[in-house]
Amino acid sequence: MEFYIQLLISGLVLGSIYALVALGFAIIFKSTSVVNFAQGELLMFGAYFCFAMVVQYKVPWFWAFLLTLVFSLSLALIVERLILRPMIGEPVISIIMVTIGLSSVLRSIITAIWGTQIEIYEPPLFPDTTVMVAGIPISQVYLWSFGLAATLLALFGVFFKYSKAGVAMRATAFSNQVALSMGIPVKNIFALAWCIASVVSAIGGILIGSINGINIGLGHFGLKVFPAVILGGLDSIVGAALGGLIVGVLENLSDGALKSAFGLQGTKEVAPFVFLVIILMIKPYGLFGKKEIERV
Amino acid sequence: MLTVNNIEVVYSDVILVLKGLSLSCEKGKITTLLGANGAGKSTTLKAISGLLKSEEGEVTEGTIQFMGEKINGRDPEKIVKMGIFQVMEGRRVFEDLNIVENLRCGAYTRSDRAGVKQDIELVFNYFPRLKERKDSLAGYLSGGEQQMLAIGRALMARPKLLLLDEPSLGLAPLLVREIFRIIQKINEEEKTTILLVEQNASLALQVATYGYIMEMGKVVLDGPCEKLRENQDVKEFYLGIGEGGTKRSFKNAKHYKRRKRWLS
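Basis of the calculations
Sequence order as written defines the numbering, with residues in each chain counted from 1. Chain letters and ligand numbers both follow the written order, the letters beginning at A and the numbers at 1. In keeping with the model being predicted, local features are shown solely for residues with a pLDDT of at least 70 and side-chain atom pairs are shown and tallied solely at 80 or more, while totals for entire chains, interfaces and linings include all residues. Processing note: side-chain calculations cover all non-hydrogen atoms of the structure and skip hydrogens and water entirely. Every helix listed is a DSSP run of H or I at least four residues long, and every strand listed is a run of E at least two residues long, numbered separately from the N terminus. Helix span is expected to be 1.5 Å times the residue number reduced by one. For every residue, the accessible area obtained with a 1.4 Å probe (protein chains only) is divided by the maximum for its type, and the residue is called buried under 20%, exposed over 50%, and partly exposed between those limits. The directions from the helix axis to the C-beta atoms are what the arc is built from. In this analysis, a patch consists of residues with relative accessible area above 30% that form no salt bridge, clustered at 9 Å for like charges and at 5 Å for the nonpolar side chains Val, Leu, Ile, Met, Phe, Trp and Tyr. Each accessible area is a Shrake-Rupley result for a 1.4 Å probe, and residues are judged covered by the shown protein chains and nothing else. By definition here, a salt bridge exists when the distance from a side-chain nitrogen of Lys or Arg to a carboxyl oxygen of Asp or Glu is within 4 Å. We treat Lys and Arg as the positive residues and Asp and Glu as the negative residues; His and chain ends play no part in the count. Just so you know, the charge point we use is NZ for Lys, CZ for Arg, CG for Asp and CD for Glu. Whether two residues are in contact is decided by their heavy atoms, any of which lying within 4.5 Å being enough. Buried area counts how much accessible surface, traced with a 1.4 Å probe, disappears from two parts once they are put together, with both parts' losses summed. Polar contacts here mean pairs of N or O atoms no more than 3.5 Å apart (in protein, one a potential hydrogen donor and the other a potential acceptor; neighbouring residues in sequence count only if both atoms are side-chain atoms). In this analysis an axis means a line fitted to C-alpha atoms, helices contributing only their contacting stretch, and an angle means the value between N-to-C directions, from 0 to 180 degrees. The cut-offs work like this: below 35 degrees is roughly parallel, past 145 is roughly antiparallel, 65 to 115 is roughly perpendicular, and the gaps in between are oblique. Definitions for this section: a left-handed crossing has its near helix turned counterclockwise from the far helix by less than a right angle. A right-handed crossing has that turn clockwise. Basically, the charged four are Asp, Glu, Lys and Arg, the nonpolar ten are Ala, Val, Leu, Ile, Met, Phe, Trp, Tyr, Cys and Pro, and anything else, Gly included, counts as polar. Residue-level confidence of the predictor, termed pLDDT, takes values from 0 up to 100. Two rings belonging to Phe, Tyr or Trp (six-membered ring only in the last case) form a pair when the distance between their centres is within 6.5 Å. Interplanar angles under 30 degrees mark stacking, angles over 60 mark edge-to-face geometry, and anything in between is tilted. DSSP-based pairing: two strands are paired if at least 2 bridges between them are found.

**Describing helix 7 (residues 173-189) of chain B**
All names here are of chain B.
Link 1 in the chain: Between the first and last C-alpha of helix 7 there are 24 Å, a value that for 17 residues agrees with the 24 Å anticipated at 1.5 Å per step.
Link 2 in the chain: Of the residues making up helix 7, those classed as buried are Leu175, Val176, Ile179, Phe180, Ile182, Ile183, Ile186 and Asn187. Within helix 7, the buried residues cover an arc of 160° as seen down the axis, which keeps them to one side. Looking at helix 7, the residues exposed on the side facing more than 90 degrees away from the buried face are Pro173, Leu174 and Arg177.

See the structure below:
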């Protein structure tokens, strides 16, 4: 039993990080209707930049963290301004192809600078001693990561519900043209969406990096976020968060169960996609995705 | 207050929609722009509000002046800030947002929080029905309520000039009268200048003081609304009234039909 509780907990932690990255993904999709295939690379770039600060330049963690946020903000702004803004008005499929190209470019830049070895944060961001919670040993890294991810998700929830910019983002998501007629600067909203996505991804990258170490495979994390986002419904931000948690937990539990029952390895990688297919068969718009509102 | 001077509008560099259109709006008055489908009424409004840009349209000739400043070619958000707000055709409320959030979007260009709160109450005053449902999603409102929300949302920007694109579209006649009554009230109480584009010519000519009639991208007739209402052509083609002030008689229609049969 304890084994499964352990799995559940690590699943929740992983899930909360998925949720964070899925949030970034959903924001871009919602406000600009672009599926961003470079999400995993944004995450990886953030994680590596932080690695460079902490390990290579020995910057204290607090400042390294802030610098990483600033870096990922500027990265998003540059990408948005140079690559995506000229594409406004082009068919969505071309923009999606551009993000695929962007992902390879970012990946190559990372490989060129940092190589492909697994690296770890030294000193670690969070102490890796375990604490006992209700009789179960949990690594502190997990607790901190979960706490940080959950806090950020809650903050963004409040941001979208109540702040002026958040409401404007949701309005832009509904219709760019109508938002324009309200005097909402739609281009700035697009840039803001990319900034948020990039920042949450970078934070996700740092968290996952301090749990598993960072390497070039981190980019696949972006791919794993797909099931989370689609599960939650591509256009729902709450859904993306819950989808992330569900995918994290399911992935860990099924992995553990199959491993102990049949000795099967590697279920982790496919499990989310299997669940995705099953759920989409039952609810084609995802768990929280909206059908178009229809008045009868 | 607003002067549109001899403008030409071209879509996608080739399609000429407005061919030398001129009109002006007097401060504090309701001006109406009438015309058949495809005459270019909505294009005129979009040219004024700057929304043409998002549809690959462009003002290629002429000028649009608002309070003495040339505004053609400016970004829509700048034009909204100057005090021109367009209520687009077909209501276009943000369906996934609730009523209050929709209203807050209308006030996006303002930064006085207290004023915005007050104005939400003001809008609820004009449209009590919106207050009853203020937390429900706009997508679930009825067509009339959505139109009220669209106009209310425009009021939130405290516009000096309100551009209304067919507020009567798809609404029941009784509701149309109510909306028009409120439009008139807004004009009187808030001193908002209004440019009203309509298909419902008889109502529009009743509430407005000055009218323009356009066809094929040009203004073909203009004048004070009392005069337009008396004009023989307007009566016949826009108000459906035949000679002698009666409704067009069925006899004439039949005559026309009979003749056509004879031709074939």
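Still to come is the rest of the account.
**Comments concerning a positive patch on the surface**
Link 1 in the chain: Together, Lys164 of chain A together with Lys78, Lys81, Arg113 and Lys117 of chain B line one region of the surface with positive charge.
Link 2 in the chain: Here Lys81 of chain B lies in helix 2 (residues 76-82).
Link 3 in the chain: Residue class for Lys81 of chain B comes out exposed when judged on its relative accessible area of 61%.

**Here's the deal with the interface of chain A and chain B**
Link 1 in the chain: Opposite the 22 residues of chain A that make contact, chain B presents 35 residues.
Link 2 in the chain: Carbon and sulfur atoms make up 60% of the area that chain A and chain B hide from each other, which totals about 2600 Å².
Link 3 in the chain: At the boundary of chain A with chain B, the tally comes to 2 salt bridges.
Link 4 in the chain: Its salt-bridge partner being Arg170 of chain A, residue Glu101 of chain B comes within 2.7 Å of it at the nearest N-O pair.
Link 5 in the chain: Counting the contacts that link chain A with chain B gives 7 residue pairs in polar contact (both at pLDDT 80 or more).
Link 6 in the chain: Listed by contribution, the elements that provide at least two residues to the side of chain A that touches chain B are helix 5 (140-162), helix 6 (164-174) and helix 7 (176-181) of chain A.

**Some details on the environment of Glu61 of chain B**
All names here are of chain B.
Link 1 in the chain: Turning to its location among the elements, Glu61 is positioned in strand 4 (residues 57-66).
Link 2 in the chain: Of the residues examined, Glu61 reaches a relative accessible area of 45% and is grouped as partly exposed.
Link 3 in the chain: In sequence terms Glu61 and Val9 are 52 residues apart; their C-alpha atoms lie 7.4 Å from each other.
Link 4 in the chain: Leave out the neighbours within four places in its chain, and Glu61 touches Asn6, Ile7 and Glu8.

**Focus: the packing of helix 1 (residues 2-32) of chain A against helix 8 (residues 186-212) of chain A**
All names here are of chain A.
Link 1 in the chain: Viewed as axis vectors pointing N to C, helix 1 and helix 8 meet at an angle of 165°, and their least axial separation amounts to 9 Å. Taken together, the axes of helix 1 and helix 8 lie roughly antiparallel to each other. Handedness of the crossing formed by helix 1 with helix 8: left-handed. For the pair formed by helix 1 and helix 8, the contact residues are Val13, Leu14, Ile17, Leu20, Val21, Leu23, Gly24, Ile27, Ile28, Ser31 and Thr32 on the first element and Phe190, Ala193, Trp194, Ile196, Ala197, Val200, Ser201, Ile203, Gly204, Leu207, Ile208 and Ile211 on the second.
Link 2 in the chain: When its residues are assigned to classes, the contact of helix 1 with helix 8 shows 18 nonpolar, 5 polar and no charged.

**A short note on the confidence of the model for chain A**
Link 1 in the chain: When pLDDT is averaged along chain A, the result is 86, and 97% of the positions lie at 70 or above.
Link 2 in the chain: At the level of individual helices and strands, chain A shows its lowest average pLDDT in strand 1 (residues 130-133) of chain A, which scores 79, and its highest in helix 3 (residues 61-84) of chain A, which scores 93.

**Looking at a negative patch on the surface**
Link 1 in the chain: Where like charges cluster on the molecular surface, the negative patch consists of Glu90 of chain A together with Asp13, Glu56 and Glu58 of chain B.
Link 2 in the chain: Within the fold, Glu90 of chain A resides in the loop between helix 3 and helix 4 (92-114).

**Notes on unusual backbone geometry**
Link 1 in the chain: For the bond from Glu122 of chain A to Pro123 of chain A, the omega torsion is 0°, close enough to zero to count as cis.
Link 2 in the chain: Despite not being glycine, Arg91 of chain B shows a phi value in the positive range, around 70°.
Link 3 in the chain: Its location among the elements puts Arg91 of chain B in the loop between strand 6 (84-87) and helix 3 (99-106).

**Some remarks on the packing of aromatic side chains**
Here the distance between the centres and the angle between the planes together describe a pair of aromatic rings.
All names here are of chain A.
Link 1 in the chain: Taken as a whole and judged by the stated rule, the model has 16 aromatic pairs over all chains.
Link 2 in the chain: Relative to Trp114, the ring of Tyr48 has its centre 5.3 Å away and its plane inclined at 20°; by these criteria the two rings are stacked. Residue Tyr48 is found in helix 2 (residues 39-56), and its partner Trp114 is found in helix 4; the two are separated by 66 residues along the sequence. Both residues of the pair, Tyr48 and Trp114, count as buried.
Link 3 in the chain: Their ring planes at 90° and their centres at 6.4 Å tell us that Phe156 and Phe159 sit as a pair that is edge-to-face.

**Quick notes on helix 10 (residues 237-262) of chain A**
Link 1 in the chain: In this model helix 10 of chain A runs 37 Å from its N-terminal to its C-terminal C-alpha over 26 residues, within 8% of the 38 Å that 1.5 Å per residue would give.
Link 2 in the chain: Looking one or two places after helix 10 of chain A, you find Gly263 of chain A, whose phi comes out positive at around 70°.

**Some remarks on the sheet that holds strand 6 of chain B**
Residue and element names in this part refer to chain B.
Link 1 in the chain: Read across the sheet, 6 strands follow the order 6-7-8-3-9-10 without closing on themselves; strand pairing throughout is mixed. Edge strands, defined here as strands with exactly one partner in the open sheet, are strand 6 and strand 10 (218-224). Geometrically, the sheet is characterised by an average inter-axis angle of 15° between neighbouring strands, direction not taken into account.
Link 2 in the chain: Sheet topology note: the strand 3 (residues 30-35)/strand 8 (residues 193-198) ladder contains 5 bridges and is parallel. Its bridge partner lying in strand 8, Thr32 is registered against Leu196.
Link 3 in the chain: Sheet strands touched by helix 10 (residues 232-239): strand 3, strand 9 (210-215) and strand 10. Its angle to strand 9, the strand with the most contacts, is close to 65°.

**So, the side chain of Ser103 of chain A**
All names here are of chain A.
Link 1 in the chain: Positionally, Ser103 belongs in helix 4.
Link 2 in the chain: Ser103 gets classed as buried once you look at its relative accessible area, which sits at 11%.
Link 3 in the chain: One polar contact links the side chain of Ser103 to the main-chain carbonyl oxygen of Ile100, over a distance of 2.7 Å.
Link 4 in the chain: Setting aside anything within four residues of it in sequence, one finds Ser103 in contact with Phe37, Ala38 and Glu41.

**Focus: the pattern of salt bridges**
Link 1 in the chain: Taken as a whole and assessed by the stated rule, the structure comprises 18 salt bridges over all chains.
Link 2 in the chain: With its nearest N and O atoms 3.7 Å apart, the salt bridge here joins Asp255 of chain A to Lys259 of chain A. Here Asp255 of chain A pairs with Lys259 of chain A, and both are found in helix 10, just 4 residues apart, close to one helical turn.
Link 3 in the chain: Via salt bridges that share partners, Arg110, Asp112, Asp119, Arg158 and Glu190 of chain B belong to a single interconnected network.

**Comments concerning the pairing of strand 1 (residues 2-11) of chain B**
Residues and elements named next belong to chain B.
Link 1 in the chain: Here 8 bridges tie strand 1 to strand 2 (residues 15-25), and the two strands are oriented antiparallel to one another. The residue of strand 2 that forms the bridge with Tyr11 is Ile15.
Link 2 in the chain: By the bridge criterion, 8 bridges tie strand 1 to strand 4 in an arrangement that is antiparallel. Within the sheet, the bridge partner assigned to Thr3 lies in strand 4 and is Gln65.

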